[in-house]
Amino acid sequence: MITTTYQEIEDAFNKIDHLNDQELELLCEKHTLNQPELLEYILSASVEYKNEQLEGLLVYYFCLLMEIRINKSPLELKIDEETIVTFEDNFLNIINEYFESEKIELLEEYTDQGELVKFMIIEISTPDEDGSKLDEETAIQLFISSIAMIKLLF
């Protein structure tokens, strides 16, 4: 188990936030080459939910989580379709249980990444610097997808 600290999250967040468009694109390409099936799986959520806004958010948080994971220790395994299929049933059960109980501890325990779970809750619920906030539907979709990424990567 690789536990992530708040400082590690902040470091990766600050790094990505200070990249220009070209640097961010290169970083995204690097992470996509490392985990193409994971990104494809995550991006399928925007198609499934029919939410174009979600796609850009998913790419951003994919890069952020990949950066955190790679900075902690090299990610030697490829997340493949078999891993995803095996993961999905239990994941959907946990997500349903979470939305029924609203106990954040359930997700913290499931992912073994309490700080990342808390970070994503803050991210989806806090307005941006310009005051804009995600609509509730997009926030929930992003949260579900990010919890999936966290569980698969860590």
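You'll find the structure just up there.
We now turn to the structure provided with this report.

Calculation notes
Residues numbered from 1 in each chain as written. Predicted model: local features only at pLDDT ≥ 70, side-chain atom pairs only at ≥ 80, totals over all residues. Heavy atoms only, no water. Helix = DSSP H or I, 4+ residues; strand = E, 2+ residues; numbered from the N terminus. Contact = heavy atoms within 4.5 Å. Polar contact = N/O pair within 3.5 Å; in protein donor to acceptor, adjacent residues only side chain to side chain. Expected span 1.5 Å × (residues − 1). Buried < 20%, exposed > 50% of the residue type's maximum accessible area, 1.4 Å probe, protein only. Axes fitted to C-alpha atoms, helices over the stretch in contact; angles between N-to-C directions. Parallel < 35°, antiparallel > 145°, perpendicular 65-115°, else oblique. Nonpolar A, V, L, I, M, F, W, Y, C, P; charged D, E, K, R; others polar. Left-handed = near helix turned anticlockwise from the far one by under 90°.

Digging into the environment of Q113
Right, so step 1: By the element assignment, Q113 lies in the loop between α6 (104-111) and α7 (114-125).
Right, so step 2: Considering only alpha carbons, one finds Q113 and K151, 38 residues apart in sequence, at a separation of 8.2 Å.
Right, so step 3: For Q113, the contacting residues outside a window of four places in its chain are I2, T3, T4, E108, I150 and F154.
Right, so step 4: Side chain to side chain, Q113 and T4 meet in a polar contact 2.7 Å long.

So, helix α1 (residues 6-17)
Right, so step 1: In this model, α1 (12 residues) spans 16 Å end to end at C-alpha, consistent with the 16 Å of a helix rising 1.5 Å per residue.
Right, so step 2: Buried positions along α1 lie against α2 (21-34), α4 (52-72) and α7.

What about unusual backbone geometry?
Right, so step 1: With phi around 55 degrees, K50 is a residue other than glycine that occupies positive phi space.
Right, so step 2: Position of K50 relative to the elements: it lies in the loop between α3 (36-48) and α4.
Right, so step 3: The residue E102 is not glycine, and still its phi comes out positive at about 55 degrees.
Right, so step 4: Structurally, E102 can be placed in the loop between α5 (81-101) and α6.
Right, so step 5: Here E102 falls in the exposed class, since its relative accessible area comes to 64%.

A look at the packing of α6 against helix α8 (residues 136-153)
Right, so step 1: In contact at an axis separation of 9 Å, α6 and α8 are set at 30 degrees when each is read in the N-to-C sense. Relative to α8, α6 is oriented roughly parallel. In this structure, α6 contributes I104, L107, Y110 and T111 to the contact, and α8 contributes F143, I147, I150 and K151.
Right, so step 2: Of the residues that constitute the contact of α6 with α8, the class distribution is six nonpolar, one polar and one charged.

Let's talk about the packing of α1 against α4
Right, so step 1: Here α1 crosses α4 at 125 degrees, and the two axes come no closer than 9 Å. Classed by the angle they form, the pair α1 and α4 counts as oblique. Regarding α1 and α4, the two cross each other, and that crossing is right-handed. Seen from α1, the contacting residues are E8, I9, A12, F13, K15, I16 and D17; seen from α4, they are Y60, C63, L64, E67, I68 and K72.

Some thoughts on α7
Right, so step 1: With 12 residues, α7 extends 17 Å between its outermost C-alpha atoms, agreeing within 8% with the 16 Å of an ideal straight helix rising 1.5 Å per residue.
Right, so step 2: Structurally, α7 contributes buried residues whose contacts are with α1, α4, α6 and α8.

Quick word on the side chain of E67
Right, so step 1: The topology assignment puts E67 in helix α4.
Right, so step 2: A relative accessible area of 2% means that E67 is categorised as buried.
Right, so step 3: With sequence-adjacent residues up to four places away left out, E67 is seen in contact with A12, K15, I16, L27 and H31.

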